[in-house]
Structures are given as C-alpha cells and as structure tokens.
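Now for the letters of each chain:
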Amino acid sequence: MARPFVKMNGAGNDFVVVNALETPFTPTADQARAIADRRTGEGCDQLIALEPSQTADAFMRVWNADGGTVETCGNALRCVGWMLLQSTGKDQVTIDTLGGPTTARRAAEGRITVDMGAPRLEWEQIPLDEAMDTRGIELQVGPIDDPVLHTPGAVSMGNPHVVFFMDHAPNDGFVRGTGSLIEHHPRFPEGVNVGFAHVIAPDRIRLRVWERGAGLTKACGTGACAALVAAARRGLTGRTATVEVDGGELSIDWDETTGHVLMTGPVEVERTGTLAV
C-alpha cells in the first residue's frame, strides 16, 4: 500500500515521517530498515509514525535505521512538533512517546522548543547493570593503566546516554570505533547512545554522537540534552549552553525551577513522497 510521507531534518538528523493518525502504519523491522537505507530506500536516521493518542495531540513512534524501535528522539520531536503546530494552529502541542510525554512550542527565527522533561539520573533509570554514581560511571576505553577515555557521565532523557568528555572533538573513525564498542557494552542492559563532548566554554559544547541503532548521525537531540546535563553536573558548564553538532546548533537549557530540559533548534522540510509498504 502506498503511504505518503514527509522527509524532514532537525539540525541534519533526518527522518521519514508518516501520518498514521487515521490509518495504522505497522512496518516490520525489515521494512523499516529498507525505508531507512540510503542506497536503496528513502534514506533516514529514523522512521517516524504519528499515531492517535488519548492523552496528547499525537503519539510518536520511532524506528531506528537498524529496524529496532526506540523510546524517543529529540530532533524528531521538534519536527513532529512543528507539523502538529502547523496543522492544529495551537500555541503548544503535546506529543506522547514510549519515553514519556513532551510539549513543543514555537521559538524565534522559525525554531521549535521542546520540553524534554526532567533528566533521569539514578543508575537504575538509565539503566546500568549495577549501582554507581552516574556523574562519573565505572567505564573506560583502552589500556587499564592508561585509558583513552574513562569515567563518563550517564543520563537518561527517556533513552539511555553515556557522555565522555574530551579535550577535542574526535574524528569519524574514533566515533564509529569507540561508539560501536560502547553501544552494546554489558554496563548498559538496554544498549546506550554514546556522546563525545568537548567543552569549549562554560556555555558552549562541541558534541559528536554514536546513536544506538542508527550509528553516526549529524545531530542527536536527546544526546545534546544529556551532554549539557552531564557537563553541568560536573561543573564544566552552567545550566544553559549552545551545543554544536555536526548538522548545526541546538540551544539547551536545564531549567532550575522545573528541573526540565528545554531544547531549541531548527526544523527543515526536505521533500514529500510515497512509500510502497
């Protein structure tokens, strides 16, 4: 059956978005993989379906490029938020996900702000395999007596993240090699998104992310939120910073009053088309 879709990206992190509010869209893992394939399919980091919700304007279901479903995706929430704001004419919309509900509203210069909720910081919320301080967990890369990376922060933004702090931004080969190694490390029973953060200034972070199930992407919204939270918890930054990702910039604010993380960034519509599923 042919299904219309919209191809969108948020700071370069790209999505195929299908409206399933009236007609269910239930691709198999193989079909999701085929759609995401950049050589033979439409090509995207994540496949998104907008489904009906009893408690929100819509429910957002997310498949990674490997065909697996995941809890949420920050950049996709901005894109979906923009679509719902356009179609409903509301000032604010609520989007439910497997990682919990989120609200989206318009910001200056055509950008969208998404309330990502409060970060989950306890070891069992991330989850880790055993109890430890998530500001710096027991994990290292390289030789025991001289590790290349060690003691990363761990944060859940509705999905699990680990953030390594480095004195420079790593190259593609390092992100791929190290990210793929850590993604399925036994420390993380549900797998993990792996961030490599270089704190440039107290209000600016350069970030590269190896996404669980998607690999190296141009941006990871929940990863940017996790990086700011992990940096602020270590006193490396304040509670507000611009996070530079490969595809652009995201503004992250960990609100002191509510404890919620607000992410503001761009939304772009690339094209429309139809899927033969």
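For the structure, check the block above.
Residues numbered from 1 in each chain as written. Predicted model: local features only at pLDDT ≥ 70, side-chain atom pairs only at ≥ 80, totals over all residues. Heavy atoms only, no water.

Asker: I'd like a rundown of the overall build of the protein chain, residues and numbers included.
Answerer: Scanning the protein chain for helices and strands turns up 4 helices and 19 strands. Rg of the C-alpha trace for the protein chain: 18 Å, near the compact-globule value of 19 Å for 277 residues, within the 12% margin. In terms of overall dimensions, the protein chain has a C-alpha envelope of 55 × 40 × 30 Å along the principal axes. For the protein chain, buried positions account for 54% of its 277 residues. Looking at the protein chain alone, contacts between residues at least 24 apart form 60% of all its contacts between residues at least 6 apart. When the accessible area of the protein chain is evaluated, it comes to approximately 11700 Å², of which 48% is carbon and sulfur surface. With 24 positive and 36 negative side-chain charges, the protein chain shows a spacing of 4 Å between the two charge centroids. (Helix = DSSP H or I, 4+ residues; strand = E, 2+ residues; numbered from the N terminus. Rg over C-alpha atoms; globule rule 2.2 N^0.38 Å. Buried < 20%, exposed > 50% of the residue type's maximum accessible area, 1.4 Å probe, protein only. Contact = heavy atoms within 4.5 Å. Areas by Shrake-Rupley, 256 points an atom, 1.4 Å probe, with all protein chains shown as cover. Lys, Arg positive; Asp, Glu negative; His and termini not counted. Charge placed at Lys NZ, Arg CZ, Asp CG, Glu CD.)

Asker: A description of empty space enclosed by the protein should follow, citing residues and the corresponding values.
Answerer: By the definition in use, this model includes 2 cavities of 30 Å³ or more. For the largest cavity, the lining is made up of 14 residues, of which Gln-46, Thr-72, Asn-159, Asn-193 and Glu-211 are closest to its centre. Looking at side-chain class alone, the lining of the largest cavity contains 4 nonpolar, 8 polar and 2 charged residues. The calculated volume of the second largest cavity comes to roughly 40 Å³. In terms of lining residues, the second largest cavity is bounded by Leu-207, Arg-208, Val-209, Thr-217, Lys-218, Ala-219, Cys-220, Val-245 and Asp-246. Considering every element that reaches the lining of the second largest cavity, the biggest residue donor is strand S14 (residues 204-211), with 3 residues. Split by residue class, the lining of the second largest cavity holds 5 nonpolar, 1 polar and 3 charged. (1 Å grid on protein atoms, 1.4 Å probe; cavity = no way out; pocket = protein on both sides within 12 Å on 5 of 7 lines; lining within 4 Å. Points joined across faces, edges and corners; volume = space filled by probe spheres on them. Nonpolar A, V, L, I, M, F, W, Y, C, P; charged D, E, K, R; others polar.)

Asker: Any chance you could break down the layout of surface pockets for me, citing the residues and the numbers?
Answerer: Taken as a whole, the largest pocket holds about 150 Å³ of empty space. As for the largest pocket, its lining consists of Pro-4, Phe-5, Val-6, Val-17, Val-18, Asn-19, Leu-21, Leu-50, Met-83, Leu-84 and Ser-87. Looking at side-chain class alone, the lining of the largest pocket contains 9 nonpolar, 2 polar and no charged residues.

Asker: Please give an account of unusual backbone geometry that cites residues and values.
Answerer: The omega torsion across Ile-126 and Pro-127 is -15°, close enough to zero to call that bond cis. Assignment of secondary structure puts Pro-127 in the loop between strand S8 (112-115) and strand S9 (140-141).

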